[in-house]
Amino acid sequence: VMMMDELREAIEKQQFLLHFQPQVCLTTGEVIGAEALVRWMHPEKGLIPPNDFIPYAESSGQIAQIGEWVLMEACTKMSEWRAQGYNLRKVAVNISNQQLRRKSLVMLVKQALADTKCQPETLELEITESTLMQNPEDMVEELVQLKALGVSLAIDDFGTGYSSLSYLKQLPINKLKIDRSFVRDLDVDENDRAITRAIIALGKSLNLTVIAEGVEYASQVSFLASEQCEQIQGYLYSKPLPEEAFLAYLKEHK
Ligand code: G
Ligand code: G
Ligand code: MN
Ligand code: NA
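Residues numbered from 1 in each chain as written. Chains lettered and ligands numbered in written order. Predicted model: local features only at pLDDT ≥ 70, side-chain atom pairs only at ≥ 80, totals over all residues.

The protein has the name cyclic-guanylate-specific phosphodiesterase in an unreviewed UniProt entry, where Pontibacterium sinense is given as its organism.

In structure tokens form, the structure reads like this:
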């Protein structure tokens, strides 16, 4: 209850901000996208990471308002950056289970794009594999409608959620994000190498972009390069950064 009251205040006073983590093309090193990750600027406790409040917000329903803010903010930033001449192709926003289950998500995304003059092709929505596969039949129509807005769709935490391969083919998805639990031990775990290899091959055969998350070591990049993984995201390149530092990073890595 306390958390709920504090979150209500945080929503009213807009005590949130976004950090941005670069997504890099493995072959060229170019920064092609960024994942937007929310933080709560608590007046007394300081910066609170999403894992400490998103789960509460999901169960209280407050995720709807937070998610709406995140979407608007990410589109606003993308639109501003492009107007300022930054050549970033995509900003990715995490969509929670509850958000996806509300019928209003399509309208919300449409409105955010229109209000911020954000080009639809510069917005990517990340949906976790477990959310998608909870009832994939109900998801097809909604994803088709989202896709029709011109945005792209990525499956987050891929490999952890028991995907039905027949649904994967039907869903209008653009990208698979290999979960960082598989990437972490690539150097030492033959099973993780096999799973990662299989996900990359699956992505290729379904014509999906594949990105590896949680890349921290050059040795992981070597393996991913040898398997022809296209994109990488992780601390090796950069942690999620506040806007100013992210834009500085973009300038340095042109
Ligand atoms: O930034 P960090 O690695 O601490 O994020 C932890 C988790 O919080 C990740 O699983 C991420 O997907 C989730 N998360 C971050 N930002 C958002 C957001 O804006 N909306 C939702 N629903 N989840 C987010
Ligand atoms: O679940 P999702 O993919 O949205 O999670 C993104 C989270 O992963 C963010 O909280 C981010 O801080 C974290 N993250 C990003 N790169 C790395 C990394 O290289 N190592 C680790 N351990 N976490 C990472
Ligand atoms: Mn994500
Ligand atoms: Na993930």
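That shown, we press on.
A short note on the overall build of the protein
Within the protein, the regular secondary structure consists of 12 helices and nine strands. Against the globule reference of 18 Å for 254 residues, the protein gives a C-alpha radius of gyration of 18 Å, in line with a compact fold. Principal axes of the C-alpha set define a box for the protein whose edges measure 50 × 45 × 35 Å. Split into buried and exposed, the 254 residues of the protein put 38% on the buried side. For the protein, the share of sequence-separated contacts (at least 6 apart) that also reach a separation of at least 24 residues comes to 66%. (Helix = DSSP H or I, 4+ residues; strand = E, 2+ residues; numbered from the N terminus. Rg over C-alpha atoms; globule rule 2.2 N^0.38 Å. Buried ≥ 20, exposed ≤ 12 C-beta atoms within 10 Å, placed from the backbone. Contact = placed C-beta atoms within 7 Å.)

Considering helix 10 (residues 190-205)
For helix 10, built from 16 residues, the straight-helix expectation of 22 Å at 1.5 Å per residue is met to within 8% by its first-to-last C-alpha distance of 22 Å. Packing partners of the buried residues in helix 10 comprise strand 6 (152-158), strand 7 (175-178), helix 9 (180-183) and strand 8 (209-212). Following helix 10 by one or two positions, asparagine 207 adopts a phi angle in the positive range, close to 65°. (Expected span 1.5 Å × (residues − 1).)

Looking at the pairing of strand 1 (residues 16-25)
Of all the 10 residues making up strand 1, seven are buried; the element is thus mostly covered by neighbouring parts of the structure. Two strands pair when backbone bridges link them, and strand 1 and strand 2 (residues 31-42) are joined in this way by nine bridges, in the antiparallel orientation. Bridge pairing in strand 2 places leucine 18 opposite valine 38. Judged from the two bridges that link them, strand 1 and strand 9 (residues 231-232) form a sheet pairing that is antiparallel. Counterpart to cysteine 25 in the pairing with strand 9 is glutamine 231. (Pairing = 2+ DSSP bridges.)

Details of the site of ligand 2
Contacts to ligand 2 come from 13 residues, most closely from Gly214, Glu216, Gly234, Tyr235 and Pro240. Here the residues of the shell around ligand 2 sort into four nonpolar, four polar and five charged. (Near = placed C-beta within 6 Å. Nonpolar A, V, L, I, M, F, W, Y, C, P; charged D, E, K, R; others polar.)

Concerning unusual backbone geometry
Despite not being glycine, glutamine 14 shows a phi value in the positive range, around 50°. Its identity is not glycine, yet glutamine 228 carries a phi of approximately 60°, on the positive side. Mapped onto the elements of the fold, glutamine 228 is located in the loop between helix 11 (218-226) and strand 9. Classification of glutamine 228 by C-beta neighbours within 10 Å gives partly exposed; the count is 14.

What about the site of ligand 1?
The environment of ligand 1 is made up of Leu37, Val38, Pro49, Pro50, Asn51, Ile54, Gly67, Val70, Asn94, Ser96 and Pro240. Taken together, the residues of the shell around ligand 1 sort by class into seven nonpolar, four polar and no charged.

Let's talk about the pairing of strand 4 (residues 90-94)
Strand 4 sits mainly inside the fold: five of its five residues count as buried. Side chains Lys90, Ala92 and Asn94 project from strand 4 onto one buried face, and the interleaved Val91 and Val93 project onto a second face that is buried too. Sheet topology places strand 2 next to strand 4; four bridges connect them, and they run parallel. Bridge pairing in strand 4 links alanine 36 to valine 93. As paired strands, strand 4 and strand 5 (residues 123-128) are joined by four bridges and run parallel to one another. Bridge pairing links asparagine 94 to glutamate 126 in strand 5.

Notes on the packing of helix 3 (residues 63-83) against helix 5 (residues 105-116)
Where helix 3 meets helix 5, the axes come as close as 9 Å, and the angle between the chain directions of the two elements is 35°. Read as a crossing pair, helix 3 and helix 5 show a hand that is right-handed. Facing Glu68, Leu71, Met72, Cys75, Thr76 and Ser79 of helix 3, the residues of helix 5 in contact are Leu108, Val109, Ala112, Leu113 and Thr116. Classifying every residue of the contact of helix 3 with helix 5 gives seven nonpolar, three polar and one charged. (Axes fitted to C-alpha atoms, helices over the stretch in contact; angles between N-to-C directions. Left-handed = near helix turned anticlockwise from the far one by under 90°.)

Here's the deal with the packing of helix 5 against helix 7 (residues 136-148)
Contact geometry of helix 5 with helix 7 gives a least axis separation of 10 Å together with a crossing angle of 10°. As judged from the angle between their axes, helix 5 and helix 7 are roughly parallel. Residues Leu105, Val106 and Val109 of helix 5 form the contact with helix 7, whose participating residues are Glu142, Gln145 and Leu146. Classifying every residue of the contact of helix 5 with helix 7 by side-chain character gives four nonpolar, one polar and one charged. (Parallel < 35°, antiparallel > 145°, perpendicular 65-115°, else oblique.)

Observations regarding the nonpolar core
By size, the foremost hydrophobic cluster in this structure holds 63 residues, and its most contacted members are Ala36, Ala74, Val93 and Ile178. At eight residues, helix 3 tops the list of elements feeding residues into this core. (Core = buried A, V, L, I, M, F, W, Y, C linked by C-beta atoms within 7 Å.)

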